[in-house]
Amino acid sequence: MDPGEQVPESRRVPETPDWSCLAARAQSLIDSGLAQGIYPGAVWMAGDADGPQAGGAVGVLDPLEDPTPMTTDTVFDIASLTKVTTLWPLIGLLWEEGKCELDSHVDELLPETKGRPLAQVTVRHLLTHTAGLPKRANLRALYGADPTAIWRGILNEPLHDVPGRRVAYCDRAALVLGLIAQRLLGDQLADAARKLVWAPLGMDDTRYGPLPSESRKRCAPTEYDETARQRVRGTVHDYSARLLGETAGNSGVFSTAADLARFLHHLLVAGRGAHSVVPPTWISLSLQVHTRDLEPAWGLGWMLDRRPDPAAQAFVHYGFTGTGIWVSRKRSRWAVLLTNKIYYSRSLLHLTRSAASSPHSSSPDRGLLLNRR
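A quick note: this is a predicted structure, and the numbers were derived from the prediction, not measured.

Describe unusual backbone geometry, and please don't skip the residues or the numbers.
Across the junction of Gly209 and Pro210, the peptide omega takes the value 0 degrees, indicating a cis bond. Among the structural elements, Pro210 can be located in the loop between strand 5 (207-208) and helix 9 (213-217). Residue Pro296 follows Glu295 across a cis peptide bond; omega there is -5 degrees. Tracing the sequence through the fold places Pro296 in the loop between helix 12 (280-286) and strand 9 (303-305). A positive phi angle, near 55 degrees, is found at His129, a position not held by glycine.

Listed below in structure tokens is the structure:
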């Protein structure tokens, strides 16, 4: 090879980061968030294809009622991370089997939607949040509390935009995909995810709520429930998921930083010898932009995080309760941040400069552990 010739992308070796330096900077930022009262506690981990390389925990489960320190096995309501840790891999398995093509229309998979607005929508639209669905779920106000009536309403609701015209993040897309997955798998999401994804990856602390008593003791509480007159703890925070029996495609899963580290590590090593739980071709296909020049840019189920290093091609997903996960196959790195930020407020303030609670945050340092440094 000539000295001036560039090394092909496929043959480049990911840069080896200074993990001790990155860990110190990340811990400083997370300590700062705790000191500012952004969350009662936080747990973080980061690593590469060799496994976890750094991590830490700060704060307590509940500063008012349970000052137990947070640890790497603290259980969190991961909210919308359900979409990528449960729904996304299940759709990928169905895709690999040819049962759920990206450009299949919803009415091909859910016959009851024939002639309805959803019939215009494809699986790709749902995964990229370009389906034109209403942004807010608002299920109880629109359809009441009966699950049958709620599903009827979801499947018959008019679109708010032309499919494919713009990106608009919404939970309804995951609700519809969850129903599709259940129909095609012939199983409930909780059972399918446990058998096909979580158990094979050793994610033993990952499950849908409500949590059993042992897990509940390790669980970080979320908001104060005025009706129940207590903190929500071990029961799903998301109200849509609660209405649908706590098992839904958009939310409802509880997990730990250690379990999510196993999941993200698998995304980097799938296809390298050992049996792959998530199809390697599905991972590669998903972690690339599918929304053309629309913003924010989305892959299949994952959002492209352009900051702080666009070249890292890092993809991210956030959860409303104060959670986030990142993966960069190009840099061969991943990161997890779990907090119960919502304990204090629903405000979409940044968790720290390195992470935020909203899918549309513009925090300048949120990809700290995935950048060049």
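There is more to say, and it comes next.
Any details on the pairing of strand 1 (residues 41-48)? Residues and values, ideally.
For strand 1, the buried fraction is high: 8 of the 8 residues fall into the buried class. In this sheet, strand 2 (residues 51-62) lies alongside strand 1 in antiparallel orientation, the contact comprising 8 bridges. Note on strand 2: the bridge partner recorded for Asp48 is Gly51. Where strand 1 meets strand 12 (residues 333-339), 7 bridges bridge the pair, whose relative direction is antiparallel. Paired with Ala46 across the strands is Ala335, a residue of strand 12.

Which residues make up the pairing of strand 3 (residues 66-69), and what values go with them?
Note that strand 2 and strand 3 share 2 bridges and pair antiparallel. The partner of Asp62 across the bridge, within strand 3, is Asp66. Taking the residues between adjacent antiparallel strands as the criterion, strand 2 and strand 3 are bridged by 3 residues.

Any details on the pattern of salt bridges? Residues and values, ideally.
Taken as a whole and assessed by the stated rule, the structure comprises 15 salt bridges. Its salt-bridge partner being Arg218, residue Asp205 comes within 2.9 Å of it at the nearest N-O pair. Within this pair, whereas Asp205 is found in the loop between helix 8 (189-198) and strand 5, its partner Arg218 is found in the loop between helix 9 and strand 6 (224-225), the two being separated by 13 residues in sequence. Notably, a salt bridge pairs Arg262 with Asp259, separated by 2.6 Å at the nearest N-O pair.

Explain the environment of Gly209 to me, and be specific about the residues and the numbers.
Position of Gly209 among the secondary structure elements: in the loop between strand 5 and helix 9. The sequence separation of Gly209 and Ser251 amounts to 42 residues, and the corresponding C-alpha distance is 10.0 Å. Those residues in contact with Gly209 that sit more than four places away from it in its chain are Gly234, Glu246, Gly252 and Phe254.

Reading guide: rules and limits
- Residues numbered from 1 in each chain as written.
- Predicted model: local features only at pLDDT ≥ 70, side-chain atom pairs only at ≥ 80, totals over all residues.
- Heavy atoms only, no water.
- Helix = DSSP H or I, 4+ residues; strand = E, 2+ residues; numbered from the N terminus.
- Buried < 20%, exposed > 50% of the residue type's maximum accessible area, 1.4 Å probe, protein only.
- Pairing = 2+ DSSP bridges.
- Salt bridge = Lys/Arg side-chain N within 4 Å of Asp/Glu carboxyl O.
- Contact = heavy atoms within 4.5 Å.

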